[in-house]
Amino acid sequence: WKNEVCGNGGSVENFKDINVLYGRNYSGKTTLSRILRAMETGVVSDKFGSPSFEVAFKDGTVATSDNLNEAGKAIRVFNEDFIRDNLRFIVDPDDDIEPFAILGDDNNKIEAEIKALEDELGSKEEGSETGLYATLIQAQKNLDNAEKDCRDTERDLDRQLQKKATDRKIGIKYKPERFGDQNYNIRKLQDDIEKVLDAYYQRPDDKKINEYEKLITEKALQPIPSHPRPSLSLQPLINEAETLVTKKVGDSDKIEELVKDAVLNHWVGEGRKLHKNKRNYCAFCGNPITKDRWIQLDKHFDEESERLEGEIDSLIERVTQEKNHISTSLSINKSLFYSCFHDEIDGLISRLDTAIRNYCKSLDILKNQLESRKGDILSHKEFDKPDDPSSTLVSALNKYESIIKASNDFSSSLTTEQNKAKETLRLKEVSDYLTTIQYEKQISSIEKLKNELEQARQKRDRIKAKVQQKEELIASKKRELNDEEKGAKKINQYLNDSFGHQFLSLEARENEDTEGDSKRVRFEVIRNGKRAYHLSEGECSLLAFCYFLAKLDDIDTRNSKPIIWIDDPISSLDGNHVFFVYSLISTEIVSRKKFGQLFISTHNLEFLKYLKRLNLKRPNTNQNEFQKGYFMVERQGERSTIKVMPKYLKEYITEFNYLFHQIHKCASIDIIDDEKHVIFYNFGNNARKFLEIYLYYKYPDRGMCGETLRLFFDDAIPAVLTDRINNEYSHLSGVFERGSTPVEVPEMQAAAKKIIERLKLDREQYAALLRSVGEIADTKTQKEGIA
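What counts as what
Residues numbered from 1 in each chain as written. Predicted model: local features only at pLDDT ≥ 70, side-chain atom pairs only at ≥ 80, totals over all residues. Heavy atoms only, no water. Helix = DSSP H or I, 4+ residues; strand = E, 2+ residues; numbered from the N terminus. Buried < 20%, exposed > 50% of the residue type's maximum accessible area, 1.4 Å probe, protein only. Contact = heavy atoms within 4.5 Å. Core = buried A, V, L, I, M, F, W, Y, C linked by side-chain atoms within 4.5 Å. Axes fitted to C-alpha atoms, helices over the stretch in contact; angles between N-to-C directions. Parallel < 35°, antiparallel > 145°, perpendicular 65-115°, else oblique. Phe/Tyr/Trp six-rings, centres within 6.5 Å; stacked < 30°, edge-to-face > 60°. Lys NZ or Arg CZ within 6 Å of the ring centre and 35° of its normal. Pairing = 2+ DSSP bridges. Salt bridge = Lys/Arg side-chain N within 4 Å of Asp/Glu carboxyl O. Disulfide = S-S within 2.5 Å. Left-handed = near helix turned anticlockwise from the far one by under 90°. Nonpolar A, V, L, I, M, F, W, Y, C, P; charged D, E, K, R; others polar.

The next subject is the overall build of the protein chain. Helix and strand content of the protein chain: 29 helices and 13 strands. Counting the 787 residues in the protein chain, one finds 40% classified as buried. For the protein chain, contacts bridging at least 24 residues in sequence account for 70% of all contacts bridging at least 6.

Following this line, the structure appears as structure tokens:
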């Protein structure tokens, strides 16, 4: 459009209020009308292979072949498709004309009821609504505001949750080492929210959290070997000690003084050992030790006493060894265990330490009693039996072994337990976040907004239903006013008053086989009181156009100011009827302002001349109320294009000027391309018609013939060449195969140049022709012309 629909100076031209489009037959005018017809009916003809179009409107809306009703405009198109769809009798003589209704008469009561309903509904004009329409607009605004408030609140909460789920700073997704899911997202967060809001959810205390935090950092440990269980000998030692402490030594041959003094007895015993077989004199007093004294001492320190002392020394040694063994063999290394067992290990260590202390205490009691008896070997003692904590120690050792087994077993389930710990920490994190953002308060607010939204929607729907009910009631009452017969009379008025065609008329007839209460009316074409058949092509054209005009007043179109497209309405009409068609367009459509935008296409130059007169000036001014645009539809090979209408067609509007311009173009072309090649295809027709007109006025007694061509060119060769081109390429006369062979450009251009050279001989006329088509005469022609 921007490249091809350009006026003088290259400015882009758009369609105006009234648009006149001129184009030869088969140039594409009807195709344009079918685009608008598709938007009117909502259906594109299935006879198009792959139809595609786009129509832009001033308000910014765009309709396409895939979305025909996007613009929402009222459109009425008159073309051959309209005729075929509504005046089916033209195709099938036994078929009818589609009826339509306009407002009937004598219905003041119904019209008053309609007026009351319309007053209640008010104005629907955008921006100036009143009545129920205004109430509906306000209800819709309230609904829109409620939807926005609800949507904004939900979006705000969603943003907060999305941030917690996937934000790089606080998002759970980016802390998989703590929360265990690097693919965490908003959906999973919603699942976790349901869990923490469940009545059975229990938030872990700080101690548990500390345990879980340690657990998730655990690495798999080596298996802990079983601890060698120490043999416990306390009870046998107690039994032996009791025997030795309480054992009696014989009283015969004892030195009484030593028996009474244990210390002295011990001192003498030690001295005896130092002097035996070593000295004859006492090392203390220097006196000799007699044989009798040695006999007394040997009897006092007899074999029984020495054996008892030895047994006591041996038992003391074993007690000491037992104590050392128990104290050193039961140490526990807590670092070998997973952190989740550390509390148990701490408790076990405490129990074990107490048991070992009690065990060693009992051993000390034994040792003390044995040492006491050894110090007074000749006197038996009462035995103080100590407690035996062996069972406590065994229980602690059993517990230790069970913890070792549990720790070793835990290695196989470490990953599972860590995942559980991470899930617990994640749910606790979600729970804390919900508290921070006051989640339940926001949910309560959203529920409240949803309730308000639903109330606003129900109110809008009630008002909308009321408006729809009123509109349907109005439509129903208007149907009561419909009068198809009046539509037929309107067509007859156009036929009789405008065209003076009193032989044809339309009658509205009610079908006799109609069932139910609603009536079905059909239109029939009547001639001389009988149904008419075999209408001429001109009669069909007249009837179709009158039908279209009358239909602009039907109940669906009246007061809608539609976009109107009229495609070639004067086909097969004589000159007098062409003017009457123009008159109807001027008086019934333009003067009555029935349109929002008007398009009229034609191939007829006489009709184009009349269309130039379409005008509606503002009161008391010379300014046109409607802007008019003039365009051409041109076929260029396999495509067509819209162009701004040339000045000579727009202002002079004669076919003679147009034909001269085409011949002048053919003679002036330097480079042949696809766009310009069409000029050569049309040259035969254009040259023939131009010469027919030109030679008729120059030789009115003979017109165009071989003789007048020779007189025109003053040479037989150009005349024969031109006559052959005119006949063979215009009529295919005698050489039918010419229609299937390419056009010979050189001979076409040669003939065109000969015609132009001959026209230049009439300098004044040639210069005027150039000016009429917007071409500038060369300097020589200007000097030799009327100047």
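Having seen it, we continue.
Moving on, we get to the nonpolar core. Within the largest apolar cluster, 85 residues are counted, with the highest numbers of intra-cluster contacts made by Ile585, Leu598 and Phe690. Sorting elements by how many residues they give to this core places helix H18 (residues 537–551) first, with 10 residues.

Take the packing of helix H22 (residues 655–668) against helix H28 (residues 763–772) next. Contact geometry of H22 with H28 gives a least axis separation of 10 Å together with a crossing angle of 95 degrees. With respect to H28, the element H22 is oriented roughly perpendicular. Listed contacts from H28 to Phe656, Asn657, Phe660 and His664 of H22 are Tyr766, Leu769, Leu770 and Ser772.

Below, the discussion takes up the packing of aromatic side chains. Within the structure shown, the criterion is met by 21 aromatic pairs. Aromatic pair Phe579 and Tyr582: ring centres 6.0 Å apart, planes at 50 degrees, arrangement tilted. Placement of both Phe579 and Tyr582 in helix H19 (residues 575–590) is noted, with a separation of 3 residues, approximately one turn of the helix. On the basis of relative accessibility, which here comes to 31%, the residue Phe579 falls in the partly exposed class. Summarising the aromatic geometry, the rings of Phe656 and Phe690 are spaced 4.8 Å apart at their centres and angled 15 degrees between planes, so their arrangement reads as stacked. Here Phe656 is found in helix H22, whereas its partner Phe690 is found in helix H24 (residues 683–698), with 34 residues between them in sequence. Its relative accessible area of 18% is what places Phe656 among the buried residues. Take Phe690: its relative accessible area is 0%, and that puts it in the buried class. Site record: aromatic cluster; members linked through ring pairs are Phe656, Phe660, Phe690, Tyr694, Phe712 and Tyr766. Above the face of the Tyr610 ring, Lys609 is positioned so that its terminal group lies 5.5 Å from the ring centre. A cation over a ring is seen here: Arg758 above Phe712, with NZ or CZ 5.1 Å from the ring centre.

Our next topic: the pairing of strand S11 (residues 597–602). Among the 6 residues that make up S11, 5 are buried, leaving the element largely enclosed by the rest of the structure. Pairing of strand S1 (residues 18–22) with S11, which is carried by 5 bridges, proceeds in the parallel orientation. For Ile18, the partnering residue across the bridge sits in S11 and is Leu598. Two elements, strand S10 (residues 563–567) and S11, share 5 bridges in a ladder whose sense is parallel. Considered in S11, the bridge of Ile564 is made with Leu598.

As a further point, take the environment of Asp384. Position of Asp384 among the secondary structure elements: in the loop between helix H13 (342–375) and helix H14 (390–412). For the pair Asp384 and Ile365, spaced 19 residues apart in sequence, the C-alpha to C-alpha distance is 8.1 Å.

A separate point is the pattern of salt bridges. Counted according to the given criterion, the structure contains 40 salt bridges. Across the pair Glu40 and Arg37 runs a salt bridge whose closest N-O atoms are separated by 3.3 Å. In this pair, Glu40 and Arg37 both sit in helix H1 (residues 29–41), 3 residues apart, roughly one turn of the helix. The salt bridge involving Glu417 is made with Lys420; its shortest N-O contact spans 3.9 Å. Of this pair, Glu417 and Lys420 both sit in helix H15 (residues 414–436), 3 residues apart, which is roughly one turn of that helix. A residue is classified by how much of its surface remains accessible, and Glu417, at 25% relative accessible area, is partly exposed. You can call Lys420 partly exposed: its relative accessible area is 47%. One connected set of salt bridges, linked through shared partners, spans Arg34, Glu80, Asp81 and Arg84.

Another aspect to go through is the sheet that holds strand S13 (residues 639–644). The mixed open sheet is built from 6 strands, whose spatial order is S4-S10-S11-S1-S12-S13. One side of each edge strand has no neighbouring strand; the edge strands of this open sheet are strand S4 (75–78) and S13. Recorded for the sheet is a direction-independent mean angle of 15 degrees between the axes of neighbouring strands. Seen against the sheet, H18 touches S4 and S10 and runs at an angle of roughly 170 degrees to S4.

Our next topic: the state of the cysteines. Scanning the model with the defined rule gives 0 disulfides in all. Cys282 supplies the cysteine sulfur nearest to Cys285, a cysteine that is in no disulfide, at a spacing of 3.6 Å. For Cys285, a relative accessible area of 44% puts it in the partly exposed group.

So, about the packing of H22 against H24. Between H22 and H24, whose axes approach to 9 Å, the crossing angle comes to 130 degrees. Compared by their axis directions, H22 and H24 come out oblique. Along this stretch, H22 crosses H24, giving a crossing that reads as left-handed. Of the residues in H24, those in contact with Glu655, Phe656, Leu659, Phe660, Gln662, Ile663 and Cys666 of H22 are Phe683, Asn686, Ala687, Lys689, Phe690, Ile693 and Tyr694. Considering only residue class, the contact of H22 with H24 consists of 10 nonpolar, 2 polar and 2 charged.

Judged from the 5 bridges that link them, S1 and strand S12 (residues 628–636) form a sheet pairing that is parallel. Among the inter-strand pairings, Asn19 is bridged to a residue of S12, identified as Gly629. Bridge count between S12 and S13: 6 bridges; the pairing is antiparallel. Bridging across to S13, Gln636 finds its partner in Arg639. Taking the residues between adjacent antiparallel strands as the criterion, S12 and S13 are bridged by 2 residues, where Gly637 takes a positive phi near 70 degrees.

Take it as geometry only, folks, not as evidence of what the structure does.
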